[in-house]
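So you can see what is in the structure, the chains are spelled out below.
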Amino acid sequence: NAGVMQNPRHLVRRRGQEARLRCSPMKGHSHVYWYRQLPEEGLKFMVYLQKENIIDESGMPKERFSAEFPKEGPSILRIQQVVRGDSAAYFCASSQPGQIQNGYTFGSGTRLTVV
Amino acid sequence: GIQVEQSPPDLILQEGANSTLRCNFSDSVNNLQWFHQNPWGQLINLFYIPSGTKQNGRLSATTVATERYSLLYISSSQTTDSGVYFCAASYNQGGKLIFGQGTELSVKP
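What counts as what
- Residues numbered from 1 in each chain as written.
- Chains lettered and ligands numbered in written order.
- Predicted model: local features only at pLDDT ≥ 70, side-chain atom pairs only at ≥ 80, totals over all residues.
- Heavy atoms only, no water.
- 1 Å grid on protein atoms, 1.4 Å probe; cavity = no way out; pocket = protein on both sides within 12 Å on 5 of 7 lines; lining within 4 Å.
- Points joined across faces, edges and corners; volume = space filled by probe spheres on them.
- Helix = DSSP H or I, 4+ residues; strand = E, 2+ residues; numbered from the N terminus.
- Patch = residues over 30% accessible without salt bridge, like charges linked within 9 Å, V, L, I, M, F, W, Y side chains within 5 Å.
- Areas by Shrake-Rupley, 256 points an atom, 1.4 Å probe, with all protein chains shown as cover.
- Salt bridge = Lys/Arg side-chain N within 4 Å of Asp/Glu carboxyl O.
- Lys, Arg positive; Asp, Glu negative; His and termini not counted.
- Charge placed at Lys NZ, Arg CZ, Asp CG, Glu CD.
- Pairing = 2+ DSSP bridges.
- Axes fitted to C-alpha atoms, helices over the stretch in contact; angles between N-to-C directions.
- Buried < 20%, exposed > 50% of the residue type's maximum accessible area, 1.4 Å probe, protein only.
- Contact = heavy atoms within 4.5 Å.
- Disulfide = S-S within 2.5 Å.

Caption draft 1: Representation of the layout of surface pockets in the model. Considering only enclosed or pocket space, the largest pocket measures out at about 550 Å³ in volume. If you go around the largest pocket, you meet 27 residues; those closest to its centre are A:Gln37, A:Glu40, A:Glu41, B:Gln37 and B:Val84. Those elements that place two or more of their residues in the lining of the largest pocket are strand 9 (88-95) and strand 11 (110-114) of chain A together with strand 9 (83-90) and strand 11 (103-108) of chain B. Of all the elements, strand 11 of chain B adds the most residues to the lining of the largest pocket, at four residues.

Below, the structure is given as structure tokens:
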């Protein structure tokens, strides 16, 4: 079991470009969560998805950010027209309802730098 | 929503010392976890402990759900224990985790 896989590990974008972050959940998991960690801060919830459905997007900025988890393939967090304030570490976690006796497992994160 | 507060915010120890980190939460929780974020930024799941006590080597954790707090004990600390320790809670199974601000631990040789 390869765990939660995120790529790329590091991503540099110029202001105004698009950033696409990918998350492949643990094998057998159908739920994915995205979190953002600004420098020197804790993790903040962004969005919770299951396959082809957004369950909770209460932490997602209303503009420029979107997330999807298609039937096939990884979950994608997309940030359009990036600004310097988007520079952060973005973490993904996965779970399978009824099987969280060990809690959530996080990927290694994608560190986005906007220049 | 749930508020999660951790103390102390910073802690400096000599190698070999013991420490206790505290996490207070504002509401009943169904999920409480402790994580270690190492200096490379990786988040390591230490304990899933919505109630009771668990031990794993030099680390142990206790959650008293009725009093809304959890404690993480680190004994005989090592330099590799350095990093930030986060407590996170959610109030429903499968729901989002709310993270505390973390305790930054530095263990000196």
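Caption draft 2: Layout of a negative patch on the surface. Together, A:Glu40, A:Glu41, B:Asp10 and B:Glu104 line one region of the surface with negative charge. Along the polypeptide, A:Glu40 turns up in the loop between strand 4 (31-37) and strand 5 (43-50).

Caption draft 3: View of the sheet that holds strand 1 (residues 4-7) of chain B. Residues and elements named next belong to chain B. In space, the five strands of this open sheet follow the order 1-3-8-7-6, with antiparallel pairing throughout. Looking at the sheet topology across the chains shown, the edges are occupied by strand 1 and strand 6 (52-56). Direction aside, the axes of adjacent strands within the sheet are offset by 15° on average. The pairing of strand 7 (residues 59-64) with strand 8 (residues 69-74) spans six bridges and is classified as antiparallel. Among the inter-strand pairings, Leu59 is bridged to a residue of strand 8, identified as Ile74.

Caption draft 4: Representation of the sheet that holds strand 7 (residues 65-68) of chain A in the model. All names here are of chain A. In space, the four strands of this open sheet follow the order 1-3-8-7, with antiparallel pairing throughout. Every interior strand has two partners, whereas the edge strands, strand 1 (5-7) and strand 7, have only one. Looking at each pair of strands side by side, their axes are set apart by 15° on average, direction ignored. Of the strand pairs in this sheet, strand 3 (residues 19-24) and strand 8 (residues 75-79) are connected by five bridges, and their pairing is antiparallel. Looking at the pairing, Cys23 lines up with Ser75 of strand 8.

Caption draft 5: Examining the environment of B:Pro9 more closely. Residue and element names in this part refer to chain B. When you line up the elements, Pro9 lands in the loop between strand 1 and strand 2 (10-14). You can call Pro9 exposed: its relative accessible area is 55%. Taking the C-alpha atoms as reference, Pro9 lies 16 Å from Phe25; in sequence the two are 16 residues apart. Contacts of Pro9, omitting those with residues within four sequence positions, involve Gly102, Thr103 and Glu104.

Caption draft 6: How the structure looks around the pattern of salt bridges. Residues and elements named next belong to chain A. On inspection of all chains with the given rule, the structure shows five salt bridges over all chains. In this structure, Glu18 engages Arg78 in a salt bridge whose closest nitrogen and oxygen atoms are separated by 2.8 Å. With a gap of 60 residues between them, Glu18 in the loop between strand 2 (10-13) and strand 3 and Arg78 in strand 8 connect regions that are remote in the sequence. Judged by relative accessible area, Glu18 falls into the partly exposed class, the value being 29%. Here Arg78 falls in the partly exposed class, since its relative accessible area comes to 27%. Among the charged side chains, a salt-bridge network with shared partners connects Glu18, Arg20 and Arg78.

Caption draft 7: Seen up close, the state of the cysteines. The full count for this structure, using the stated rule, is two disulfides over all chains. With a sulfur-sulfur separation of 1.7 Å, A:Cys23 is cross-linked through a disulfide to A:Cys92. Residues A:Cys23 and A:Cys92 are joined by a disulfide whose S-S torsion is about -50°; by sign, that bridge is left-handed. You can see A:Cys23 sitting in strand 3 and its partner A:Cys92 sitting in strand 9, a full 69 residues away along the chain. There is no split in this pair, since A:Cys23 and A:Cys92 are both buried. Here B:Cys23 connects covalently by a disulfide to B:Cys87, the sulfurs 1.9 Å from one another.

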